[in-house]
Amino acid sequence: MCKSFGSNLMGPVLQWYTNIPNNSISSFAQLTDTFVEQFASSKKLEKLSGDLYSVQQRHGKPLRDYISHFNQEKVFILFYNHETNINAFQKGLLLDGELYKELTKFNCTTT
């Protein structure tokens, strides 16, 4: 099974496979473990609505930059929660900024 494993590989994975020293892998289980060790960190993690809390407006930067960055991050979230998105957007604003003051002037809820 190990010998047929390489017949379906392409690109960097094929390069990695061809560079494995001869007789260094003794079983298919060892091959799969080595493969996972090599490439598991290459997998992109699914973004969640909660990840938007890491987007912050920066002092000295235009509000437009913050909104653009927030929206760029939001695009990669497949299953998002509107309430979390709104909360994350508000929490990412500068506390002394005009938009934050305007949004928090009244206690609004989402339904």
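**Points about the overall build of the protein chain**
And then number 1: On a plain count of helices and strands, the protein chain comes out with six helices and zero strands.
And then number 2: Each helix (α) and strand (β) of the protein chain, taken in turn from the N terminus, gives the series α-α-α-α-α-α.
And then number 3: The proportion of buried residues among the 111 residues of the protein chain is 20%.
And then number 4: Contacts in the protein chain between residues far apart in sequence, at least 24 positions, make up 49% of those at least 6 positions apart.
And then number 5: Taken as a whole, the protein chain presents about 9,000 Å² of accessible surface, with 55% of it coming from carbon and sulfur.

**Side note on the packing of helix α2 (residues 11–18) against helix α3 (residues 28–39)**
And then number 1: α3 packs onto α2 with a crossing angle of 130 degrees between their chain directions and a minimal axis gap of 12 Å. The angle between α2 and α3 falls in the class oblique. The handedness of the crossing between α2 and α3 is right-handed. Of the residues in α3, those in contact with P12, V13, W16 and Y17 of α2 are L31, T34, F35, Q38 and F39.

**Observations regarding the side chain of Q57**
And then number 1: You can see Q57 is positioned in the loop between α3 and α4 (63–75).
And then number 2: A polar side-chain atom of Q57 sits 3.0 Å from the main-chain amide nitrogen of L94.

**Re the nonpolar core**
A general feature of soluble globular proteins is that nonpolar side chains tend to end up buried together.
And then number 1: Residues L52, V55, Y66, F70, I77, A88, F89 and L93 constitute the largest nonpolar core, which totals eight residues.
And then number 2: Sorting the residues of this core by element identifies α4 and α5 (82–92) as the ones contributing at least two each.
And then number 3: Excluding anything up to four places from it in sequence, A88 contacts L52, Y53, Y66 and F70.
And then number 4: One finds W16, I20, L31 and F39 within the second-largest nonpolar core, a separate group that totals six residues.

**Here's the deal with the side chain of N85**
And then number 1: Relative to the assigned elements, N85 resides in helix α5.
And then number 2: You can call N85 buried: its relative accessible area is 7%.
And then number 3: Separated by 3.4 Å, the side chains of N85 and S49 make a polar contact.

Conventions and cut-offs
Residues numbered from 1 in each chain as written. Predicted model: local features only at pLDDT ≥ 70, side-chain atom pairs only at ≥ 80, totals over all residues. Heavy atoms only, no water. Helix = DSSP H or I, 4+ residues; strand = E, 2+ residues; numbered from the N terminus. Buried < 20%, exposed > 50% of the residue type's maximum accessible area, 1.4 Å probe, protein only. Contact = heavy atoms within 4.5 Å. Areas by Shrake-Rupley, 256 points an atom, 1.4 Å probe, with all protein chains shown as cover. Axes fitted to C-alpha atoms, helices over the stretch in contact; angles between N-to-C directions. Parallel < 35°, antiparallel > 145°, perpendicular 65-115°, else oblique. Left-handed = near helix turned anticlockwise from the far one by under 90°. Polar contact = N/O pair within 3.5 Å; in protein donor to acceptor, adjacent residues only side chain to side chain. Core = buried A, V, L, I, M, F, W, Y, C linked by side-chain atoms within 4.5 Å.

Functional significance is not addressed by these values, which are geometric in nature.
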